[in-house]
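For reference, the chains in residue letters:
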Amino acid sequence: MKMIVAIIRPIGINPLKEALCAANIKGMTISEVRGFGRQLGKKEIFRGVEYLVEYVPNLQVEILVKDSDVERVVDLILKATKTGETGDGKIFIHPVDDVVRIRTGERGEGAI
Ligand SMILES: Nc1ncnc2c1ncn2[C@@H]1O[C@H](COP(=O)(O)OP(=O)(O)OP(=O)(O)O)[C@@H](O)[C@H]1O
Ligand SMILES: [Mg+2]
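Residues numbered from 1 in each chain as written. Chains lettered and ligands numbered in written order. Predicted model: local features only at pLDDT ≥ 70, side-chain atom pairs only at ≥ 80, totals over all residues. Heavy atoms only, no water.

Enquirer: Would you mind going over the UniProt feature "modified residue: O-UMP-tyrosine" (unreviewed entry) in the chain with me for this structure?
Expert: Within the UniProt annotation, "modified residue: O-UMP-tyrosine" (unreviewed entry) is assigned to Tyr51. Here tyrosine 51 lies in strand β4 (residues 49–53). (UniProt positions renumbered as here; feature names shortened; annotations may be inferred. Helix = DSSP H or I, 4+ residues; strand = E, 2+ residues; numbered from the N terminus.)

Dropping the structure here:
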C-alpha cells in the first residue's frame, strides 16, 4: 500500500474529489497547510502594493491506496489539479506497512 500525499491548490479539491469518487477511490483526508517551493513564496498585489506571501496556503490531500492504484490516482490528481502555472503543488508517495479498519478489525488492503 502507498499513502499518496498531494499538496494542491484549494480550488482543485472539488474536481479531485469528483474524479476520485468516479474512479471508485473511497476515502481521503484533507488539511489546510502552508508552505513554499522553489519560488520561496508567492508575490501578491494588495491595494497596488506588491508583497510576498512567504508561506502559501494550500490543501494537503492524503489518500491510502493499494500499490496497483498508485499510477491511476496520480494521473487523476494531475488531470484534476494541474494548471501549468508555478505553484501547482507536489505529490509525495510513501510506503505504508498496514492499515486497520477500526469497526471491523480488517487489516491490510481489505481495510482500505
Ligand atoms: N520540497 C518540498 N518539501 C515539502 N513541501 C514542499 C516541497 N516543495 C513544495 N512543497 C509544498 O508544496 C507547495 C507547492 O509547491 P510548488 O508547486 O510551488 O513547488 P515548486 O517546486 O516551486 O514547483 P513550481 O515551480 O511548479 O511552483 C509549497 O507551498 C509547499 O507547501
Ligand atoms: Mg513554486
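Enquirer: Help me out: how do you make sense of the sheet that holds strand β1 (residues 2–8) in this one?
Expert: The strands making up a sheet associate through backbone hydrogen bonding, with each pair oriented either parallel or antiparallel. The four strands are arranged β2-β5-β1-β6 in an open sheet whose pairing can be described as antiparallel. Two strands close off the open sheet at either side, each with one partner strand: β2 (29–35) and β6 (90–95). The mean angle between the axes of side-by-side strands here comes to 25 degrees, regardless of whether they run parallel or antiparallel. Relative to strand β5 (residues 56–65), β2 is paired through seven bridges, and the arrangement is antiparallel. (Pairing = 2+ DSSP bridges. Axes fitted to C-alpha atoms, helices over the stretch in contact; angles between N-to-C directions.)

Enquirer: Even after reading the chapter, I still don't get the pairing of strand β3 (residues 42–46), so can you show me in this structure?
Expert: On a regular strand, each side chain points to the face opposite its neighbour's, so the side chains alternate between the two faces of the sheet. Relative to β4, β3 runs antiparallel, the two being bridged by five bridges. When the sheet's bridge partners are listed, glutamate 44 is paired in β4 with tyrosine 51. Hairpin geometry of β3 and β4 is characterised by an intervening segment of two residues between the two adjacent antiparallel strands and by a positive phi of about 50 degrees at arginine 47.

Enquirer: Any chance you could explain the site of ligand 1 here in plain terms?
Expert: As a structural note, the neighbourhood of ligand 1 is formed by 13 residues, with Gly35, Arg38, Gly87, Gly89 and Lys90 the closest of them. Within the backbone of glycine 35, one N or O atom sits 3.0 Å away from an oxygen atom of ligand 1. The backbone of glycine 87 places a nitrogen or oxygen atom 2.7 Å from an oxygen atom of ligand 1. Here ligand 1 loses 70% of its free accessible area of 610 Å² to cover by the protein chains. Of the residues contributing to the shell around ligand 1, the split by class is three nonpolar, seven polar and three charged. (Near = heavy atom within 4 Å. Polar contact = N/O pair within 3.5 Å; in protein donor to acceptor, adjacent residues only side chain to side chain. Areas by Shrake-Rupley, 256 points an atom, 1.4 Å probe, with all protein chains shown as cover. Nonpolar A, V, L, I, M, F, W, Y, C, P; charged D, E, K, R; others polar.)

Enquirer: Where do I start with unusual backbone geometry in this structure?
Expert: Backbone phi values are negative for most residues with the exception of glycine, while trans is the configuration of most peptide bonds. You will see that asparagine 24, though not glycine, has its phi angle at about 65 degrees, which is positive. Following the sequence through the fold, asparagine 24 ends up in the loop between α1 (13–22) and β2. Overall, asparagine 24 belongs to the exposed group, its relative accessible area being 52%. Of note in this structure, leucine 40 is not a glycine but carries a positive phi near 55 degrees. If you trace the backbone, leucine 40 turns up in the loop between β2 and β3. A residue is classified by how much of its surface remains accessible, and leucine 40, at 54% relative accessible area, is exposed. (Buried < 20%, exposed > 50% of the residue type's maximum accessible area, 1.4 Å probe, protein only.)

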